[in-house]
Every structure is written in C-alpha cells, then in structure tokens.
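Residue strings, one per chain:
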Amino acid sequence: MPALKDYWPLVLEDLRGRISNTNFKAWLAHTDFVEVQENGRKIVVSVPSDFHRKYIDSKFRRDLQESVKKYYPQVIHLGYQINKPAKEVQEIQQTLSLEPGDASNKVNNQPDTDSEPEKLSSYLPKKSLNNLNPKYSFENFVVTRNNALVAGVAGAVAEELGNLYNPLFIHSKVGLGKTHLLQAIGGKAIENKPGFNIKYIPAETFINQWILSLQRKETNLFRDYYNSIDLLLIDDIQFFAGKESTQEVFFHVFNQLHQNNKQIILTSDKGPQELVGIAERLVSRFGSGMVVDITRPELEDRLSILQDKVARMQLLLNPSQLQTIAERVQSNVRDLEGALNKIQARIRLMPGREFTDQDLEQILSSYNQAEQNLSMPMTDQSPDAILQAICRIFSLQKSDLMGSSREKNVAMARQLAFWFYKHELDLSYPTIGKLFGGRNHTTIMHGYNKIQNLLNKDPKVKDKIMMTKKILASSY
Ligand code: ADP
Ligand code: MG
C-alpha cells in the first residue's frame, strides 16, 4: 500500500496543470508532504521559506487545496512547515562550530576595519562600498500584474540568498524596474546579513575594471576580488556582448561563486536566448536558474503606480487627471515618473494656484511630442548625466573628475568628459573650464583635441564613447 507521502508528486502534477509553469517552478516545485494531523483532516506541507508560505497562501491556496483534495480527500485544512534548504542548515552549523583555523570563512564575513586597510586598486571599490542606492527598496516598488512574479521571486531570493534560484535573471525593456529590484535585493541583503560582501556592479563597470586589471597586470587581484563576493548583482549584462575576454573572466567568476552557493543576480534588456554576442556557455548559465521578465504595465497597472507615487510625492492631482496621465503615458514607469516630476516642478512654480487640466494638457502634449520623436532613442544630454555615465564606466566618483588626480584612468575619464561637453553640448572651452573647478581653457582644449585625435586610432577610446552614449540613451 502506498504511503501518504507518495501521493504528493501527484498533487504537484495536478497543480502544474492549474498554474503557469513559471509560477509552479517559483513557488510550488519545492514543496513537500510532511504529515497529516487531526485524523487526516489537516495536511502539513513543507515550503522553503516563510516568504513562500505567505506567497503560496495568498496566491495559490485555492489551487493547492483543490489539488490536495483529489489525493487526500479527507483533508480540510492546510498547514505549512518551513524547511530551509539543506545547504543553509549546513552553513549555519559551520558558522556555529567555526574552527579558529578556518580563515577563509572568517575573512569574508568580517566587516571592514580601519586598522586593516585593503590593498586594492583604485578601480576596485572597497568591500564596504556596495554601490547600493537606498532609494530603491521593496517598500516603494509598486507590485502590479506585469511585475508580480518578478517582485515575488526577487523577495524570496533576497531572503534565501544562494539557496533558491541561482542565478536569478531578470529581463525587460527599459524603465520597467530592473535596476530598482536588483538594488532592492541588495538592500534587503544588507539588512539581513550585515557582514556580507555585496556588490552592485553595472556591466560596463565590470568591463572597465577588467580592462584596467589587464593593463596593470592585476588579473589575479581582480579574480580574487570577485571570487570573494557573497552577493553579486550585475546590471545590464547585455553590455557584455562582443566583449570576449570579459565574458571569459566572468565565466570563471560565475562558476566559482555558483559552486560556493553565492547568489548571482543579473539583469538584461533581453532574455538569455535572445542575447547576441554572448558566448553560448554563458547564455546557458544565465538560463540555468530562474529567468523572469517584466512586461509593460497596462492601463490599470499604470494607474496604481501613479497613485502610489503621487501619494509619496504629496502631489495634489484629482482622479481624472491621474487617469489622463495613465492613458497618455504608456511607455514605462520611468516615463510615468518623468511626467510626475514635470508636474511637480510646475506646481512649485505657481504656489497658491490650482493645477488645472489645461496645465496638465500642456505638460502631456510636450511629453507626447517628445515620445513621438522617439523612434530613435532619446538621449539625456545634461552635463550631469554625462558625468554620471562616465563615472559609471570608469568606476569613479564625480569628485575624481573634478579633482586634480593625474592617474591615467582618471585623466582619461576627465578628458572624455571635456570631449562630451564640447562635442555634444557645444559648450565653450572657458565654460567647460569653469564647470570643472576653474580649469584653464587651454587644458580643456588640449583634452578635447587629444580625444578627438585618438578617436579614429584607438578602438578603446571609441568604445568608451559608444558606451557612454549607450548609457545616456538608456537612462532617458
Ligand atoms: P530599468 O532598470 O528596467 O531600466 P529602473 O529600475 O531604472 O528600470 O526603473 C525606472 C524608474 O522607474 C526608477 O526610478 C524606478 O524606481 C521606477 N520604477 C520602475 N518600476 C517601478 C515600480 N514597480 N514601482 C515603483 N517604481 C518603479
Ligand atoms: Mg536599469
């Protein structure tokens, strides 16, 4: 006679037919039968995390109950038991009985101390610098139908680093919340695991760090640096396209971290299979954990995002105005935010006067025109956006560009900024000089000419310019 437990796979099979495959994989595939209680009236099911328990209970309880009923007909109640995946249990045991000799574990878990300066190259930020921006949190991420699965999975992964889905690969078109979620996971991880070595790295930064480490013959340093990370968040991995040597080193970093159950999370503007210029062995690794995408928000979703943001910004707009914005701004969340920012700016300009439908119309009409011209990517060409993009590529801070360091990497980045200010913004040399902390106009001219000369000779320079432009285009 089969044991009660033996029916569980049948329940799962039945569930598989009721809910989408991705939802099944994300939430139910890791459940198991524990026992029945109360004379068979209650079944206890194990789930990998408390997050799973809540999620399953709120989203799939009915499906679960119906499937259970088929094979356990007496059951009326469902109970859950949280069974952390075995690896985490091992880890906890290891930490508890950590031998003094076990240095490798300890070093990683220790926070930075001033007495122990890290000998790292300037382009590899210290362990304590994770590049996370607290403005991106789960708390202010609005869950809508088009992102519910991703948001749920991201939340679960943040609680169960390395144990659930590794890697997690999130993809979508621009402005739909990939960076936001990636950073939110990082933020959550800092709360939960204070000693963790967490790094948020835009793919362009990774590429540039690798090139610098090649130039300086510090490739071992680079590898050690990445191999010691506990949670690696790489944004916009599509930029790895065509960068063979970067892909090569990343492949090894990936394998190393993965083997050690270190969580890897990647974002991209395309799904793994659609990526062009990325080596097949990487593509298959990208797809080997969980792949989730964010689609565009529908009208109703856009409306709920607007409602949330308006409340946070304390903007006084009436429901019909919100409806109008949601109908007209269809592209993505970034554009919805952009529209609200314009409205906020307008309201500030006219204190005491009500924001009327005409005001809104004016803002939306300019907005729509801009959008219609947008068959080509529109570029945010403000001086600040340019500096930000360059800093991102060279892994520098704005203060480095403003400062006086003559380090090659810094000097190059700075001259590139001069070049952009001149070439793209058409500012005069003296003006650029002023913007860069009162530099002489001849310095600016020299820098500009230098880049202009290298442009057709040195593919690396051209590459940097292209990358900057890509970032500017995607950050609009
Ligand atoms: P992507 O990385 O996909 O291009 P971002 O994460 O940069 O998009 O999102 C663009 C902007 O929209 C950010 O300011 C982000 O905070 C906001 N945003 C995106 N999705 C949401 C959401 N669901 N709730 C709240 N804000 C969102
Ligand atoms: Mg992004």
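Residues numbered from 1 in each chain as written. Chains lettered and ligands numbered in written order. Predicted model: local features only at pLDDT ≥ 70, side-chain atom pairs only at ≥ 80, totals over all residues. Heavy atoms only, no water.

## Considerations on the site of ligand 1
Near ligand 1 there are 18 residues, and of these V142, G175, H180, K309 and E337 occur at the shortest range. In the model, an oxygen atom of ligand 1 is placed 2.7 Å from a nitrogen or oxygen of the G175 main chain. Interatomic distance of 2.7 Å between a side-chain N/O atom of E337 and an oxygen atom of ligand 1. Protein chains bury 94% of the 560 Å² of accessible surface belonging to ligand 1 in isolation. Among the elements of the structure, α8 (178–192) and α15 (333–349) are those that each provide at least two residues to the shell around ligand 1. For the shell around ligand 1, the class distribution of residues is six nonpolar, seven polar and five charged. (Near = heavy atom within 4 Å. Polar contact = N/O pair within 3.5 Å; in protein donor to acceptor, adjacent residues only side chain to side chain. Areas by Shrake-Rupley, 256 points an atom, 1.4 Å probe, with all protein chains shown as cover. Helix = DSSP H or I, 4+ residues; strand = E, 2+ residues; numbered from the N terminus. Nonpolar A, V, L, I, M, F, W, Y, C, P; charged D, E, K, R; others polar.)

## Comments concerning the pattern of salt bridges
This structure, assessed with the given rule, holds 24 salt bridges. Where R18 meets E66, a salt bridge forms, and the shortest distance between an N and an O atom there is 2.9 Å. Within this pair, whereas R18 is found in the loop between α1 (8–16) and α2 (21–28), its partner E66 is found in helix α4 (residues 61–71), the two being separated by 48 residues in sequence. Given the relative accessible area of 38%, E66 is considered partly exposed. As a salt-bridge pair, R61 and D57 come within 3.4 Å of each other at their nearest N and O atoms. Residue classification places R61 among the partly exposed positions, given a relative accessible area of 39%. Each of D14, R18, E66 and K70 takes part in salt bridges that share partners, so that together they form one network. (Salt bridge = Lys/Arg side-chain N within 4 Å of Asp/Glu carboxyl O. Buried < 20%, exposed > 50% of the residue type's maximum accessible area, 1.4 Å probe, protein only.)

## Quick word on unusual backbone geometry
Here the bond from N166 into P167 is cis, since omega is 0 degrees, no more than 30 degrees from zero. With respect to the helices and strands, P167 occurs in the loop between α7 (148–159) and β4 (168–172). A positive phi angle is found at E38, which is not glycine, with a value near 50 degrees. Among the secondary structure elements, E38 is positioned in the loop between β1 (32–37) and β2 (42–47). Taking relative accessible area as the criterion, E38 reaches 44% and is therefore assigned partly exposed. The backbone of N261 shows a phi angle near 60 degrees, a positive value even though the residue is not glycine.

## Describing the sheet that holds strand β3 (residues 77–82)
Whenever strands of a sheet pair, they do so through backbone hydrogen bonds, lying parallel or antiparallel. Spatial strand order, β1-β2-β3: three strands in an open sheet with mixed pairing. Strand pairing shows two members of the sheet lacking a second neighbour, β1 and β3, which therefore form its edges. Adjacent strand axes in the sheet meet at a mean angle of 30 degrees when their direction is disregarded. Where β2 lies against β3, six bridges are found, and the strand directions are parallel. Along β3, the bridge assignment pairs V47 with I82. (Pairing = 2+ DSSP bridges. Axes fitted to C-alpha atoms, helices over the stretch in contact; angles between N-to-C directions.)

## Points about the nonpolar core
Counting residues in hydrophobic clusters, the biggest one holds 70 residues, and the most contacted among them are W8 and I325. By residue number, the principal contributor to this core is α7, which donates seven residues. In contact with I325, other than residues within four places in its own chain, are L306, L317, L336, A339, L340, I343, L360 and L364. In this structure, F254, L275, L401 and M467 belong to the second largest nonpolar core, which totals 62 residues. (Core = buried A, V, L, I, M, F, W, Y, C linked by side-chain atoms within 4.5 Å. Contact = heavy atoms within 4.5 Å.)

## Considering helix α14 (residues 319–328)
For α14, the set of buried residues is Q321, L322, I325 and A326. Each buried residue of α14 sits inside an arc of 135 degrees when the element is viewed along its axis, so together they form one side. (Arc of directions from axis to C-beta.)

## Some thoughts on the packing of helix α9 (residues 203–215) against helix α11 (residues 244–259)
At a closest axis distance of 10 Å, the pairing of α9 and α11 adopts a crossing angle of 95 degrees. Compared by their axis directions, α9 and α11 come out roughly perpendicular. Mapping the contact onto sequence places F206, I207, W210 and L214 in α9 and S245, T246, V249 and F250 in α11. (Parallel < 35°, antiparallel > 145°, perpendicular 65-115°, else oblique.)

## Quick look at helix α17 (residues 383–394)
Here α17 is twelve residues long and its end C-alpha atoms lie 17 Å apart, about the 16 Å a rise of 1.5 Å per residue gives. When we look at burial in α17, the residues that qualify are A385, I386, L387, A389, I390, C391, I393 and F394. Just downstream of α17, S395 is the residue with a positive phi angle, here 45 degrees. (Expected span 1.5 Å × (residues − 1).)

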